[in-house]
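Residue-level listing of the chains:
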Amino acid sequence: AEDEVSLFEKDMKEFWIQFKISYGTEQNNQTSALRDLCKETIEALSEKWSKKLKEEDLMIDKIQEYNNEILQQSKYVAEKEEQLTEIKAKLSQEEEEQKNLNDSIQELKEEFRKKMEIKSSKNKAAKEKVGQVSKIKRLFEEHLGLEMRRIHDEQLQFIFRHIDHKEPDKPYICTLSINEQGDYEVTSCTPPLDCIAELQLKLRETNNFSAFVANVRKAFTALSYK
């Protein structure tokens, strides 16, 4: 009985050993297979995520590139807007200058027109005065021994004779012109008369040319007796 027990125990030990060996081998095989599966899975995931990360890196680079392009375009647009603003300001300034120039030209035209009107009016007045002088010229020459000459610069020279009873042909000369203001002006008087300025003023006030010539003759006559 003891031998059978020993044999049984021996068989049990061998079975147990064989079982452990068999179980351990299967366990190891399963573990190895699982490890290989995990490794393959991890490698597949790693490759997948590595590829995904590379794609994302490329996408990030592309986005950065787009951002740089947008930044450059923004700078270009800003520069062009600044240039456009400068051009608009320059055009506005030129338009203002052109307007001022046109206004100045218009003012000059108006000023020129007024000056021409004044000149025309003065010329008309001068012609009327010359005409008045011409009308009485013959009368003076015939009755007062007066000779009238038109000399340079549109001046009228009055030569009086028969003043000095001792020298009837001795000339007494008074030269008259019309100045820029359209007034009579005595430019010379030979011999000089102290009252010539007063006679000139009276002529301007009354515009009575005949009276002026008569008064000059009287003054020359009075002077001849001194």
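See the structure shown above.
Residues numbered from 1 in each chain as written. Predicted model: local features only at pLDDT ≥ 70, side-chain atom pairs only at ≥ 80, totals over all residues. Heavy atoms only, no water.

Quick notes on a negative patch on the surface
Logical step 1: There is a patch of like negative charges on the surface, built from Glu55, Glu56, Asp57, Asp61, Glu65 and Glu69.
Logical step 2: Summarising the element assignment, Asp57 is placed in helix H1 (residues 2-143).
Logical step 3: Using a relative accessible area of 45% as the deciding quantity, one classes Asp57 as partly exposed. (Patch = residues over 30% accessible without salt bridge, like charges linked within 9 Å, V, L, I, M, F, W, Y side chains within 5 Å. Areas by Shrake-Rupley, 256 points an atom, 1.4 Å probe, with all protein chains shown as cover. Salt bridge = Lys/Arg side-chain N within 4 Å of Asp/Glu carboxyl O. Lys, Arg positive; Asp, Glu negative; His and termini not counted. Charge placed at Lys NZ, Arg CZ, Asp CG, Glu CD. Helix = DSSP H or I, 4+ residues; strand = E, 2+ residues; numbered from the N terminus. Buried < 20%, exposed > 50% of the residue type's maximum accessible area, 1.4 Å probe, protein only.)

Structural notes on the sheet that holds strand E2 (residues 155-160)
Consider a sheet: its strands pair through backbone hydrogen bonds, and that pairing is either parallel or antiparallel.
Logical step 1: Read across the sheet, 4 strands follow the order E1-E2-E3-E4 without closing on themselves; strand pairing throughout is antiparallel. The sheet is open, and its two borders are formed by strand E1 (146-151) and strand E4 (184-190), each paired with just one other strand. The sheet shows a mean angle of 20° between the axes of neighbouring strands, direction not considered.
Logical step 2: Where strand E3 (residues 172-178) lies against E4, 6 bridges are found, and the strand directions are antiparallel. Along E4, the bridge assignment pairs Cys174 with Cys189.
Logical step 3: The strands touched by helix H2 (residues 196-206) are E3 and E4; relative to E4, the strand with the most contacts, the crossing angle is about 155°.
Logical step 4: Each of E1, E2, E3 and E4 touches helix H3 (residues 209-224); the most contacted strand, E3, lies at about 150° to it. (Pairing = 2+ DSSP bridges. Axes fitted to C-alpha atoms, helices over the stretch in contact; angles between N-to-C directions. Contact = heavy atoms within 4.5 Å.)

Overview of the packing of H2 against H3
Logical step 1: The contact between H2 and H3 brings their axes to 9 Å, and the two run at 165°. By the angle class used here, H2 and H3 are roughly antiparallel. Both H2 and H3 take part in a crossing whose hand is right-handed. When H2 is examined against H3, the residues Ile196, Leu199, Gln200 and Leu203 are found in contact with a partner set consisting of Phe209, Phe212, Asn215 and Val216.
Logical step 2: In the contact of H2 with H3, the residues fall into 6 nonpolar, 2 polar and no charged. (Parallel < 35°, antiparallel > 145°, perpendicular 65-115°, else oblique. Left-handed = near helix turned anticlockwise from the far one by under 90°. Nonpolar A, V, L, I, M, F, W, Y, C, P; charged D, E, K, R; others polar.)

Taken by themselves, the reported measurements are silent on function.
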